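Chain residues, written in single-letter form:
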Amino acid sequence: MNTETLFHYVDHTALKPYVDWEEIKTLCREALEFQMASVCIPSCYIKRVHEMFPKLNICTVVGFPLGYSQTEGKIAETIQAIEDGAMEIDMVVNICDIKNGDWKKVEEEIAALKKAAGDHILKVIIETCYLAKEEKIAACKAVTDAGADYIKTSTGFGTAGASLEDVRLMKEYIGKHVRIKAAGGIRNREEMEAYIAEGCSRIGTSSAIAILRPDHIKRNPQGIDAL
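Note that the structure is predicted; figures quoted are calculated from it, not measured. (Residues numbered from 1 in each chain as written. Predicted model: local features only at pLDDT ≥ 70, side-chain atom pairs only at ≥ 80, totals over all residues. Heavy atoms only, no water.)

1. Comments concerning the pattern of salt bridges
- Tallying each qualifying case throughout the model produces 21 salt bridges.
- Between Asp90 and Lys152 there is a salt bridge, with its nearest N and O atoms 2.9 Å apart. With a gap of 62 residues between them, Asp90 in strand β4 (residues 88–92) and Lys152 in strand β6 (residues 150–152) connect regions that are remote in the sequence.
- What makes Lys152 buried here is its relative accessible area of 3%.
- One network of salt bridges, in which partners are shared, links Asp11, Glu88, Asp90, Lys123, Lys152, Lys181 and Arg202. (Salt bridge = Lys/Arg side-chain N within 4 Å of Asp/Glu carboxyl O. Helix = DSSP H or I, 4+ residues; strand = E, 2+ residues; numbered from the N terminus. Buried < 20%, exposed > 50% of the residue type's maximum accessible area, 1.4 Å probe, protein only.)

2. Description of helix α4 (residues 71–84)
- If you check α4, its first and last C-alpha atoms are 20 Å apart, about what 14 residues at 1.5 Å a residue would give, namely 20 Å.
- Of the surrounding secondary structure, the elements contacted by the buried residues of α4 are α3 (46–52), β3 (58–62), β4 and α6 (103–117). (Expected span 1.5 Å × (residues − 1). Contact = heavy atoms within 4.5 Å.)

3. Some remarks on the environment of Ile41
- Mapped onto the secondary structure, Ile41 falls in strand β2 (residues 38–41).
- Under the relative-accessibility criterion, Ile41 is labelled buried at 0%.
- Measuring from C-alpha to C-alpha, the distance between Ile41 and Asn94 comes to 21 Å, with 53 residues separating the pair along the chain.
- The contacts of Ile41, once residues within four sequence positions are left out, are Ala14, Leu15, Ile24, Leu27, Ile46, Val49, Ile58, Cys59, Thr60 and Val61.

4. Some points on the packing of α4 against α6
- Closest axis-to-axis distance for the α4/α6 pair is 9 Å, and the angle between their directions is 20 degrees. Compared by their axis directions, α4 and α6 come out roughly parallel. Seen from above, α4 lies across α6 with right-handed handedness. Every residue of α6 that contacts α4 at Thr71, Lys74, Ile75, Thr78, Ile79 and Ile82 is listed here: Glu109, Ala112, Leu113, Ala116 and Ala117.
- Here the contact of α4 with α6 is composed, by residue class, of 7 nonpolar, 2 polar and 2 charged. (Axes fitted to C-alpha atoms, helices over the stretch in contact; angles between N-to-C directions. Parallel < 35°, antiparallel > 145°, perpendicular 65-115°, else oblique. Left-handed = near helix turned anticlockwise from the far one by under 90°. Nonpolar A, V, L, I, M, F, W, Y, C, P; charged D, E, K, R; others polar.)

5. Notes on the packing of aromatic side chains
- Under the defined criterion, the tally for this structure stands at 3 aromatic pairs.
- Taking 4.7 Å as the distance between ring centres and 25 degrees as the angle between the ring planes, the aromatic pair formed by Phe7 and Phe34 counts as stacked. Of the two residues, Phe7 sits in helix α1 (residues 3–8) while Phe34 sits in the loop between α2 (21–33) and β2, which places them 27 residues apart along the sequence.
- A relative accessible area of 2% places Phe7 in the buried class.
- With relative accessibility at 9%, the residue Phe34 sits in the buried group. (Phe/Tyr/Trp six-rings, centres within 6.5 Å; stacked < 30°, edge-to-face > 60°.)

By themselves, these figures tell us nothing about what the structure is for.
Structure, rendered in structure tokens:
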């Protein structure tokens, strides 16, 4: 797969708790230059990014990174994010509910956020590193039945990130309308290509430029702002 095509799969991500405005602007300019799928940014930056880069597809996270905030709070986050200019929402499922076996509640929360998101894309992060195989399978069913658009492996803040084994499991158990996003620990081109070959429609990474265009970093150590 050529480099240009690989970039199209990337949600260019900056979710560190200390990410500053200069880093966010660089991220956005890189996403536009290399025609990435979206930027995935903290919700506090959505409005400023939308005003400065109105053509950019903005993704943000909800209930991030632990997932156990109340559903009403997640709904409010989702509505505000969309009002500010986000087009895609990556929500973290309530892992406590999963561990308690309360799948009705898990499904109801996902459905509520999909209703709040409307025509905007909703991705559901199930944080696979904390789940047993049976829980992953049940999560696939909940995501499917609740009408979400994507199932996503990881936040990148857990004890482990994406794995090909988990993606293969998801592919087997999700519904036909649900797509897969792999995120967390994807560090080289070979891994990106392997995840896409297994059926991932999106790759979440903060390392896309370093992976696919290291020459760009060498020429511009301060990022695109240095041009």
